[in-house]
Amino acid sequence: MAITIDDIYDKEFALKGGGYDRNDVDQFLDEICDEMTNMLDHIAKLEDDLKQAQMEVEAAKAAARNAAPQVVKSEPVARTSETLEGILISAQKLADEAVANAKTKAEGIVKEAEEKAIQIVDEARTEKKNLSEELEKLQKNVTEYKAGFLSMLNKYKSLLEGEKL
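Okay, so let's go over this structure. Bear in mind that the values here come from a model prediction, so they are computed numbers and not experimental data. (Residues numbered from 1 in each chain as written. Predicted model: local features only at pLDDT ≥ 70, side-chain atom pairs only at ≥ 80, totals over all residues. Heavy atoms only, no water.)

**Notes on the overall build of the protein**
Within the protein, the regular secondary structure consists of three helices and zero strands. Taken against the 2.2 N^0.38 rule, which gives 15 Å for 165 residues, the C-alpha radius of gyration of the protein at 35 Å runs more than 25% over that of a compact globule. Taken along its principal axes, the extent of the C-alpha atoms in the protein is 135 × 20 × 20 Å. Taken over 165 residues, the protein has a buried fraction of 10%. Put simply, of all contacts in the protein between residues at least 6 apart along the chain, 70% involve residues at least 24 apart. Summed over its atoms, the accessible surface of the protein is roughly 13,500 Å², and 57% of this surface lies on carbon and sulfur atoms. With 23 positive and 35 negative side-chain charges, the protein shows a separation of 5 Å between the mean positions of the two kinds. (Helix = DSSP H or I, 4+ residues; strand = E, 2+ residues; numbered from the N terminus. Rg over C-alpha atoms; globule rule 2.2 N^0.38 Å. Buried < 20%, exposed > 50% of the residue type's maximum accessible area, 1.4 Å probe, protein only. Contact = heavy atoms within 4.5 Å. Areas by Shrake-Rupley, 256 points an atom, 1.4 Å probe, with all protein chains shown as cover. Lys, Arg positive; Asp, Glu negative; His and termini not counted. Charge placed at Lys NZ, Arg CZ, Asp CG, Glu CD.)

**Some words on the nonpolar core**
Ile5, Ile8, Leu29, Ile32, Cys33 and Met36 together form the largest nonpolar core, which totals six residues. Of all the elements in the fold, those that place two or more residues in this core are α1 (5-10) and α2 (22-66). No other element matches the four residues that α2 contributes to this core. (Core = buried A, V, L, I, M, F, W, Y, C linked by side-chain atoms within 4.5 Å.)

**Some words on the pattern of salt bridges**
The full count for this structure, using the stated rule, is two salt bridges. A salt bridge links Lys129 to Glu133; the shortest N-O distance between them is 3.9 Å. You can see Lys129 and its partner Glu133 sitting in helix α3 (residues 75-164), four residues apart, about one turn around the helix. Note on Lys129: relative accessible area 51%, which makes it exposed. (Salt bridge = Lys/Arg side-chain N within 4 Å of Asp/Glu carboxyl O.)

**Some words on the packing of aromatic side chains**
Enumeration according to the criterion identifies one aromatic pair in this entry. Ring centres of Tyr145 and Phe149 lie 6.1 Å apart, and the angle between their planes is 15 degrees; on these two criteria the pair is classed as stacked. Taken together, the positions of Tyr145 and Phe149, both in helix α3 and four residues apart, correspond to about one turn of that helix. A residue is classified by how much of its surface remains accessible, and Tyr145, at 60% relative accessible area, is exposed. Overall, the relative accessible area of 37% leaves Phe149 in the partly exposed class. (Phe/Tyr/Trp six-rings, centres within 6.5 Å; stacked < 30°, edge-to-face > 60°.)

**Observations concerning a nonpolar patch on the surface**
There is a patch of nonpolar side chains on the surface, built from Tyr145, Phe149, Leu150, Met152, Leu153, Tyr156 and Leu159 and spanning about 730 Å² of accessible area. Locating Leu150 in the fold gives a position in helix α3. (Patch = residues over 30% accessible without salt bridge, like charges linked within 9 Å, V, L, I, M, F, W, Y side chains within 5 Å.)

The following block contains the structure:
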């Protein structure tokens, strides 16, 4: 199941012993949510820009098709028509190259944003793992401390009871 921004905002941690400062944890999770929101907004904007560029390219292609020169049998007009056709073909090639470059650039930006989002999530998971390990160590230390303390109390109790007799 993918973790959503709402999952992070709504996550509640149980308090045990000393634990971590709940406000610090909440603040850190809020920062992660804000960064994820910014990344998702940026990706959406890039996708919108790509769609807009694709629509502009389609419009330019349609205009180029509609503006195709009419073949006329007159010699000077035929040469002019061939020249215009060459210009249109060159313009179409340039437009196609611009579109290809824009698509490549947009794909690169989207890929970079996705990689950064994955990196942020991976870092958050690593931090979570480290915090869990630290919590386990602290819980183990508490258990050992309690056992030692109880042992010491029992020892003193035995000594005190021995003096009473």
